Amino acid sequence: DVKVTQSSRYLVKRTGEKVFLECVQDMDHENMFWYRQDPGLGLRLIYFSYDVKMKEKGDIPEGYSVSREKKERFSLILESASTNQTSMYLCASRDRPLYGYTFGSGTRLTVV
Amino acid sequence: AQTVTQSQPEMSVQEAETVTLSCTYDTSESDYYLFWYKQPPSRQMILVIRQEAYKQQNATENRFSVNFQKAAKSFSLKISDSQLGDAAMYFCAYRGNEKLTFGTGTRLTIIP
């Protein structure tokens, strides 16, 4: 089975800190995605990547950036964390279209 | 842009009974995929069932089946013989050219 691993299950950061959320997949998938999940809003796409060093903005990219230096790793960066970025962050990767996405188990980030 | 609407924030069903979760979507694309994901308290997003738009036959996976009405842009999920382990958030999702777009979710409670 494809495995998508997010490095932290819970994180607490201070306002203004630079925050890195890491995601690693082990099945050589080209496509990787970062979503944030908020109650009543579902999952919203932040950024995605088709390949190494390639990135595309999703629906809510403001305040975020990403890095993909290796195929298996896709990092989400909060340049200066703010309280409105407190949320659940989900990473996903995709192979064949029919099979949808494989998700990590999420990082719950709290910015204080 | 594609949108996915789940109009039932919460649903409950008696154990062993049948429940149907609603989903509608809006798109101008002719070729796309539809998915139902389950998110239990563990937070892991689990693919429940998938449907290719070009297939008229409704998808079925054991106790889970869909009612796909392409003209009406409707994609409901039926869970038969509900079990306690079915308690979770359920998300409907649409994938056209590349992005996976989610609805806001339905929280399903199973009453013993």
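Residues numbered from 1 in each chain as written. Chains lettered and ligands numbered in written order. Predicted model: local features only at pLDDT ≥ 70, side-chain atom pairs only at ≥ 80, totals over all residues. Heavy atoms only, no water.

Q: Explain the pairing of strand E10 (residues 87-94) of chain A here, please?
A: Here is the key point about a regular strand: its side chains alternate between the two faces of the sheet. Residue and element names in this part refer to chain A. The buried fraction of E10 is high, at eight of eight residues. The alternating pattern of E10 places Ser87, Tyr89, Cys91 and Ser93 and Met88, Leu90, Ala92 and Arg94 on opposite faces, both of which are buried. When strand E5 (residues 31-38) meets E10, the two strands line up antiparallel, connected through seven bridges. Bridge assignment links Gln37 to a residue of E10, and that residue is Met88. Where E10 lies against strand E12 (residues 107-111), three bridges are found, and the strand directions are antiparallel. (Buried < 20%, exposed > 50% of the residue type's maximum accessible area, 1.4 Å probe, protein only. Helix = DSSP H or I, 4+ residues; strand = E, 2+ residues; numbered from the N terminus. Pairing = 2+ DSSP bridges.)

Q: In this structure, what is going on with the environment of Lys73 of chain B? I would like to understand it.
A: Residue and element names in this part refer to chain B. Locating Lys73 in the fold gives a position in the loop between strand E8 (64-69) and strand E9 (74-79). Residue Lys73 is classed as partly exposed on the basis of its relative accessible area, which comes to 26%. Distance in space between the C-alpha atoms of Lys73 and Val4 is 9.8 Å, their sequence separation being 69 residues. Beyond its immediate sequence surroundings of up to four residues, Lys73 is in contact with Cys23, Thr24, Tyr25, Asp26 and Thr27. (Contact = heavy atoms within 4.5 Å.)

Q: What am I meant to see in the layout of surface pockets here?
A: Picture a little ball the size of a water molecule; that probe, rolled over the atoms, points out where space is still empty. Put simply, the largest pocket is a space of about 420 Å³. Of all the secondary-structure elements, those providing two or more residues to the lining of the largest pocket are E5, E10 and E12 of chain A together with strand E10 (88-95) of chain B. In terms of residue count, E12 of chain A provides more of the lining of the largest pocket than any other element does, three residues in total. For the lining of the largest pocket, the class distribution of residues is eight nonpolar, nine polar and five charged. (1 Å grid on protein atoms, 1.4 Å probe; cavity = no way out; pocket = protein on both sides within 12 Å on 5 of 7 lines; lining within 4 Å. Points joined across faces, edges and corners; volume = space filled by probe spheres on them. Nonpolar A, V, L, I, M, F, W, Y, C, P; charged D, E, K, R; others polar.)

Q: In this structure, what is going on with the state of the cysteines? I would like to understand it.
A: Two cysteines, two sulfur atoms, one covalent bond between them: this is a disulfide. Residues and elements named next belong to chain A. Taken as a whole and judged by the stated rule, the model has two disulfides over all chains. A sulfur-sulfur distance of 1.9 Å marks the disulfide that ties Cys23 to Cys91. Note on the Cys23 and Cys91 pair: the S-S dihedral is about -75°, so by sign convention the disulfide is left-handed. Of this pair, Cys23 sits in strand E4 (residues 23-25) while Cys91 sits in strand E10, and the two are 68 residues apart along the sequence. (Disulfide = S-S within 2.5 Å.)

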